[in-house]
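# Working through the structure, step by step
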Amino acid sequence: MKVIEVKNLSKDFKLKKKYKGKEFWKHLFKKEKIIKKAVNNISFSVEEGEALAFIGPNGAGKSTTIKMLTGILYPTSGEISVLGLNPTKERAKLSRQIGTVFGQKEQLWVHLTAMDNFLFFGAIYDIPKKELLKRISELAEIFEINEFINQPVKSLSLGQRMKCEMVASLLHNPKILFFDEPTIGLDPVAKETLRMLIKKLNKELGITILFTSHDVGDIEEVCKRVIIINDGKIMLDDNMKNLKYHYLNKKIVEVNLIRDISIKEKEGIKILKAKNSMYKLEVDMNITTMEQLLGLFKADDLQDISISTTPLEDVIKSIYRRGKNEKTE
Amino acid sequence: MKRLNKYFSIYKTSFKQEKDSIVNYFFRAINFFIIIFIFVQLWSYIYGENGTNQIINNYSLQQMIWYLIFSEMIYFSARTSLITKDISNEIKSGNLSYKINKPYNFYLYEICNFMAKSCFALIFFIPVAILIGFIFVGSIPNFTWLQILPCIISILFSVLINWIIYASVGMISFWTQDATPFGWIVTKLFMLLGLFFPLDFFPTWLQPIIFYSPIYSIFSGPATLVADFSWDLFASIIISQISWSVIIIILGLMIYNLGKKKVVSNGG
């Protein structure tokens, strides 16, 4: 069952044109506006229970899309259906069925304890007190926050705060959770813990997850499907397996030879670096076989060899770049 | 009932959070004391050496100082200087967008949030105001305990009306870069036409304009009620306050509903 359906969604922001230098006086008389297309005619859908990553560089339009899906921003054009509801027109109704965690925007009252905050959010979502206390205790157990649940939020570390933010967004049992860069600013340990928890929410509780992040590690661990967005357009919509299969087919081979032997570039083999008898090669495994690669030199000449896969981060960067190049063309 | 519970919870939470800034209140009380001290000196000079027997525009010195103390107290408790700036900043920064995706009416949320802060401020400032008044000019003339409740009701209405006006001004930020200059204009008008002087101090042609304006409901009315109480005056003020509350709540809601479509929130 599709829980999110987006058709031809666009969002324009009107910006005032800035006049510089001698044209400064034009500010007084002209009110020219520039239209910035933050999201440009995108369409996609999300199945129930799916974990989808929405990634892209700064200003790509990923947060704007999430904000439109949650009813925070009004789209300029296009259609959105989240759990069968129109977020623009039925925001209050939708808010009872979704949860949001914004890594850069805290929703908790910082002077109050985490517990006071949970009681507050429980009242906002009209959860009966008994049921609410039970839910808090369950979530406190899962998120391991019992130790600091009665401490003021302002005294918690960023990782602890994020855990509390997540508990607050889960109190009303949402069907979909929207995460907008939840791991931003966290140390590697806190990041890992949070990723595990998000994964658990998706796998064990069956909550649909829509996730934006700059951190490729988040996506690799948490999500099965990825949408790459750049300049407001979808560059790629694929599952993680396919992404790895199609885009991670390039291997980086570093060889250190005993003698100074010249290696020449071939179709599928690109020399990235060459220094004396050391070579760094990029090998496209769709074109070249390992046998062909090893045929470039004799086994006796080989002192050392290491083979690694292109990091996912680089793959994503190349997809961003591809989008940019297409635009300039 | 469930709905009311939700808004009561917002009120309770905001009140709890406000308690944490009690130290700030002591500094504000010092500021309040200094302002009143200056006005006491000023009005004592105006009333002259026989100040206690002198009546200017139906006000004795004692009544004048009590008027000032309570009008200033309303100004302090209503957090007047912050409302427009806060709302304007919320809109400009896009913070507003994060608050509107919850199952409550944002406008009512903000009213509960603000009223909690103001009620906390009133609980703090009313005793401070009474103490300062006693120190400078003694007790309120002809004051009886029966007057306390009507005066408090009127003061609560005044801070509510004050908030809605300033919040509505703040919402101009949906359309302009910054709403604070508009807030300054309103503040100056309020100060000149209500905060510093009772209605009787103005020219006859101006008095009905002030009387039918929200300035009377916010400052002149409740402060006069404290300084020179009568049940007739209470009835006229409360009618004016209820009428203004209804009018500006509707107006504020209209501005909010028009403006919320213009919410711009930065992406990541």
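The subject of this paragraph is the overall build of chain B. Across its full length, chain B carries 11 helices and 2 strands. The order of α-helices and β-strands along chain B, N terminus first, is α-α-β-β-α-α-α-α-α-α-α-α-α. The C-alpha atoms of chain B give a radius of gyration of 19 Å, which matches the 18 Å a tight globule of 268 residues would have. Taking all 268 residues of chain B together, 42% fall into the buried category. In chain B, of all internal contacts separated by at least 6 residues, the share reaching a separation of at least 24 is 80%.

We now examine the pairing of strand S9 (residues 233–239) of chain A. Two strands pair when backbone bridges link them, and strand S8 (residues 225–230) of chain A and S9(A) are joined in this way by 6 bridges, in the antiparallel orientation. Paired with A:Ile229 across the bridge in S9(A) is A:Ile234.

Residue and element names in this part refer to chain B. For the pair helix H3 (residues 61–77) and helix H10 (residues 214–227), the least separation of the axes is 8 Å and the interaxial angle reads 135 degrees. Here H10 runs oblique to H3, going by the angle between their axes. Our pair here, H3 against H10, has a crossing hand that is right-handed. Residues Gln63, Trp66, Tyr67, Phe70, Ser71 and Ile74 of H3 form the contact with H10, whose own contacting residues are Ile218, Phe219, Pro222, Ala223, Thr224, Val226 and Ala227. By residue class, the composition of the contact of H3 with H10 is 10 nonpolar, 3 polar and no charged.

This next bit is on helix H8 (residues 180–195) of chain B. All names here are of chain B. Between its first and last C-alpha atoms H8 spans 20 Å; for 16 residues at 1.5 Å apiece the expected length is 22 Å, and the helix comes up short by more than 12%. Taken together, the buried positions of H8 are occupied by Gly183, Phe190, Gly194 and Leu195. Along H8, the residues classed as buried sweep out an arc of 70 degrees about the axis, all on the same side. Among the exposed residues of H8, those pointing more than 90 degrees away from its buried face are Ile185, Lys188 and Leu192.

Facing the 21 residues of chain B at the interface are 35 residues of chain A. Ranked by the residues each element gives to the side of chain B that touches chain A, the list is headed by helix H1 (residues 2–19) of chain B, at 7 residues. In the side of chain B that touches chain A, the residues fall into 6 nonpolar, 9 polar and 6 charged.

On to the sheet that holds strand S11 (residues 269–275) of chain A, then. All names here are of chain A. Read across the sheet, 4 strands follow the order S11-S12-S10-S13 without closing on themselves; strand pairing throughout is antiparallel. Because the sheet does not close on itself, it has two edges, and the strands there are S11 and strand S13 (302–309). The sheet shows a mean angle of 20 degrees between the axes of neighbouring strands, direction not considered. As paired strands, strand S10 (residues 250–257) and strand S12 (residues 278–284) are joined by 7 bridges and run antiparallel to one another.

All names here are of chain A. Across the sheet, 6 strands lie side by side as S5-S6-S7-S3-S8-S9; this open sheet has mixed pairing. A single partner strand is all that each edge strand has here, and the edge strands are strand S5 (98–102) and S9. Along the sheet, successive strands turn relative to each other by an average axial angle of 15 degrees, direction set aside. In this sheet, strand S6 (residues 176–180) lies alongside S5 in parallel orientation, the contact comprising 5 bridges. Bridging from a neighbouring strand, Ile98 pairs with Ile176 of S6. Along the sheet face, helix H6 (residues 158–170) touches S5 and S6 and points at about 160 degrees away from the line of S5. Running at roughly 100 degrees to S9, helix H9 (residues 240–247) makes contact with S8 and S9 of the sheet.

Glycine aside, negative phi is the norm for most residues, and most peptide bonds take the trans geometry. Phi angles above zero are rare outside glycine, and A:Glu144 is one such case at about 50 degrees. Relative to the helices and strands, A:Glu144 is located in the loop between helix H5 (129–143) and H6.

To continue, consider the nonpolar core. Grouped together as the largest cluster of nonpolar side chains are 145 residues, with contacts concentrated most on A:Leu52, A:Val167, A:Ile209, A:Phe211 and B:Ile74. When residues in this core are grouped by element, the largest group, 14 residues, is from helix H6 (residues 106–137) of chain B. Other than its neighbours up to four places away in sequence, A:Val167 contacts A:Phe118, A:Leu139, A:Ala140, A:Phe143 and A:Ile145.

Further remarks concern the confidence of the model for chain B. Low pLDDT means the predicted atomic positions in that stretch should not be read closely. Residues and elements named next belong to chain B. When the pLDDT values of chain B are averaged, the result is 87; 96% of them are 70 or greater. No element of chain B has a lower mean pLDDT than helix H5 (residues 95–99), which averages 75, and none a higher one than helix H9 (residues 207–211), which averages 93. In the model output, the complex is listed with pTM 0.78 alongside ipTM 0.79.

With that settled, the discussion passes to H10(B). Residue and element names in this part refer to chain B. Under the 1.5 Å per step criterion, the end-to-end length of H10 is 19 Å for 14 residues, consistent within 8% with the ideal 20 Å. Ser220 marks the point of greatest bend in H10, at about 40 degrees, and the proline Pro222 comes within the next four residues. Counting buried residues in H10 gives 14 out of 14 residues, a clear majority hidden from the surface.

Residue and element names in this part refer to chain B. Running from N to C, helix H2 (residues 22–47) and H6 cross one another at 35 degrees; their axes reach a closest spacing of 11 Å. Our pair here, H2 against H6, has a crossing hand that is right-handed. Contact with H2, carried on its side by Tyr25, Ala29, Phe32, Phe33, Ile36 and Val40, involves Phe124, Val128, Ile132 and Phe136 of H6 and no other residues of that element. Residues that form the contact of H2 with H6 fall into these classes: 10 nonpolar, no polar and no charged.

Reading the values: the criteria
- Residues numbered from 1 in each chain as written.
- Chains lettered and ligands numbered in written order.
- Predicted model: local features only at pLDDT ≥ 70, side-chain atom pairs only at ≥ 80, totals over all residues.
- Helix = DSSP H or I, 4+ residues; strand = E, 2+ residues; numbered from the N terminus.
- Rg over C-alpha atoms; globule rule 2.2 N^0.38 Å.
- Buried ≥ 20, exposed ≤ 12 C-beta atoms within 10 Å, placed from the backbone.
- Contact = placed C-beta atoms within 7 Å.
- Pairing = 2+ DSSP bridges.
- Axes fitted to C-alpha atoms, helices over the stretch in contact; angles between N-to-C directions.
- Parallel < 35°, antiparallel > 145°, perpendicular 65-115°, else oblique.
- Left-handed = near helix turned anticlockwise from the far one by under 90°.
- Nonpolar A, V, L, I, M, F, W, Y, C, P; charged D, E, K, R; others polar.
- Expected span 1.5 Å × (residues − 1).
- Arc of directions from axis to C-beta.
- Core = buried A, V, L, I, M, F, W, Y, C linked by C-beta atoms within 7 Å.
- pLDDT = per-residue confidence, 0-100.
- Bend = angle between axes of the 7 residues up to and from the residue.

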